[in-house]
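Structural characterization, general
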Amino acid sequence: MRSWVEISSSRLGHNVSVLRSYLAGEGRSPHIIAVVKADGYGHGLELVVPVLYQAGLRHFAVTHLDEAGRLVEALAAEDDVLILVLDGVQEGREEDFRRLGATAAVFDSRPHPKGIPAHLKIDTGMGRMGVRPEQVPAHAARLGDDLAGLYSHLHSPQEDPQATRLQIAEFLRCTDPLVQENKGIMRHLSSSAGLPYPASRLDAVRVGLALYGIDPGGAIRGLLPVLSWKSRILTVKDVPAGSTVGYGATYRCPRDTRLGIIPAGYADGYNRRLSNAAHVELHPDQHPSSPGPLLAPVIGRVSMDLLTIDLTDHPEISPGTVVTLLSNTPSSPCSARSLAVLLHTVPYEVLTSIGTRIKREMGA
């Protein structure tokens, strides 16, 4: 196995408990809609969904109907779940929706198939999908008894608190009348990043990244990253000072250098922009005398299937040694958040970029 991803079931269950406690702190207990789109944020949908179900979650959100089908298969005979398909009903898939018992997002004026529960998406400022607030009454009337939910999405909860509060106020203003008429309608507004705003926690909250142990807002204490990505050193070689490494010869060895070659690259989701920038952990279990993980820098350009590290300071390392490319230790220089900083992106992209040819394994 060239490289593999390890998922911690105990950490996933722990994060559900942490989130429940956090949400209960404001005297409310909204449903947690587990966002498992993009293959469970790169963790493996079929792996995480049963664990989340066993932790008591019954509400899930996916991007498209094929993901909903995978979710239903992962839960086998369980039929007490709500599955919100964020892409809505695609033409020709109506019977598939009914067969799976899925709920559809509605975000424009296209006809909605009767008998399929609908959550109406409202554009309160994101500017992507969703009907305008002033259009809500007409769309609600059009959906009639199929209207089961109302939701929107916050565009800048971390960057712009004032704009976020205005979005929350606008959502409440345009949905309060419908809720007063129909107490059974579910409202959800907050994602993981919006959880620090108590007013955004309504009947439910859509939680993705925080479930997997990374809090984008930094307000929730105790979350534990669920995923680690590992490989083994394929081969080791010694080169003299002045040797170059990788495509473009972007790294020249300043000393006699021991190179470690790892069988993972950008085709697996290890971003090329980590070239000459990132570190990997040399598996601490193999070095009991070390106070913590040993680190080795990535040198030269990351290629499609291989990357190179500098092992000069670790002469004891040999082929077969386990290395961690993406760590589940928040403080690690190769955590998802740390790699995101190097890449000038967000942890979401780091996690969801891990390729499908990488096997996911569920562990404790």
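Throughout what follows, the structure given in this document is the object of discussion.

Parameters and conventions
Residues numbered from 1 in each chain as written. Predicted model: local features only at pLDDT ≥ 70, side-chain atom pairs only at ≥ 80, totals over all residues. Heavy atoms only, no water. 1 Å grid on protein atoms, 1.4 Å probe; cavity = no way out; pocket = protein on both sides within 12 Å on 5 of 7 lines; lining within 4 Å. Points joined across faces, edges and corners; volume = space filled by probe spheres on them. Helix = DSSP H or I, 4+ residues; strand = E, 2+ residues; numbered from the N terminus. Nonpolar A, V, L, I, M, F, W, Y, C, P; charged D, E, K, R; others polar. Buried < 20%, exposed > 50% of the residue type's maximum accessible area, 1.4 Å probe, protein only. Pairing = 2+ DSSP bridges. Salt bridge = Lys/Arg side-chain N within 4 Å of Asp/Glu carboxyl O. Contact = heavy atoms within 4.5 Å. Axes fitted to C-alpha atoms, helices over the stretch in contact; angles between N-to-C directions. Phe/Tyr/Trp six-rings, centres within 6.5 Å; stacked < 30°, edge-to-face > 60°. Parallel < 35°, antiparallel > 145°, perpendicular 65-115°, else oblique. Left-handed = near helix turned anticlockwise from the far one by under 90°.

**Here's the deal with empty space enclosed by the protein**
For the structure on display, the rule yields 1 cavity of 30 Å³ or more. What the largest cavity holds in volume is close to 100 Å³. Along the wall of the largest cavity there are 13 residues; nearest its centre are Gly269, Asn271, Leu274, Leu343 and Val350. Of all the elements in the fold, those that place two or more residues in the lining of the largest cavity are strand E18 (322-326), helix H8 (336-343) and helix H9 (347-352). Per-class residue counts for the lining of the largest cavity are 8 nonpolar, 4 polar and 1 charged.

**Focus: the pairing of strand E1 (residues 3-8)**
Taken across its 6 residues, E1 has 5 buried, putting it largely inside the fold. Strand direction decides the pairing type here: E1 and strand E10 (residues 227-232), joined by 5 bridges, are antiparallel. Paired with Val5 across the two strands is Trp229, which belongs to E10. Of the strand pairs in this sheet, E1 and strand E19 (residues 359-363) are connected by 5 bridges, and their pairing is parallel.

**Points about the pattern of salt bridges**
Summed over all chains, the structure comprises 17 salt bridges. Residue Glu170 pairs with Arg173 through a salt bridge whose shortest N-O separation is 3.0 Å. Here Glu170 pairs with Arg173, and both are found in helix H7 (residues 161-181), just 3 residues apart, close to one helical turn. Assessed through its relative accessible area of 24%, Glu170 is described here as partly exposed. Note that Asp313 is salt-bridged to Arg255, the shortest N-O span being 3.2 Å. Placement of the pair is Asp313 in the loop between strand E17 (307-310) and E18 and Arg255 in the loop between strand E13 (251-252) and strand E14 (257-262), with a sequence separation of 58 residues. Asp313 gets classed as exposed once you look at its relative accessible area, which sits at 54%. Ionic contacts of the salt-bridge type, sharing partners, join the residues Asp66, Arg93, Asp96 and Arg99 into one network.

**Quick word on helix H4 (residues 65-74)**
Within the span of H4, buried status applies to Leu65, Glu67, Ala68, Gly69 and Leu71. On the buried face of H4, the contacting elements are helix H2 (37-41), helix H3 (45-54), strand E3 (59-62), strand E4 (82-85) and helix H5 (94-100). Backbone geometry just after H4 places Ala76 at a positive phi near 55°.

**So, the sheet that holds E14**
If you walk across this open sheet you meet the 9 strands as E11-E14-E17-E16-E15-E18-E10-E1-E19, and the pairing is mixed. Sheet topology places strand E11 (235-239) and E19 at the edges, where each strand pairs with a single neighbour. Adjacent strand axes in the sheet meet at a mean angle of 35° when their direction is disregarded. Running over the sheet, H3 touches E1 and E19 and is turned about 25° from E19.

**Quick notes on the packing of aromatic side chains**
A ring pair, where both rings are aromatic, is described by two values, the distance of the centres and the angle of the planes. Counted under the stated rule, the structure contains 3 aromatic pairs. A ring pair is formed by Tyr41 and Tyr348, whose centres lie 6.1 Å apart and whose planes are at 50°; its orientation type is tilted. Of this pair, Tyr41 sits in helix H2 while Tyr348 sits in helix H9, placing them 307 residues apart in sequence. Geometrically, the ring pair formed by Trp229 and Tyr270 is edge-to-face, given 6.1 Å between the ring centres and 65° between the ring planes.

**Regarding the packing of helix H1 (residues 9-24) against H3**
The interhelical angle for the contact between H1 and H3, taken along N-to-C directions, is 50°, at an axis separation of 10 Å. Considering the angle they form, H1 stands oblique to H3. The chirality of how H1 crosses H3 is right-handed. Contacts between H1 and H3 pair Ser9, Leu12, Gly13 and Val16 from the former with Val48, Val51 and Leu52 from the latter. Considered class by class, the residues forming the contact of H1 with H3 number 5 nonpolar, 2 polar and no charged.

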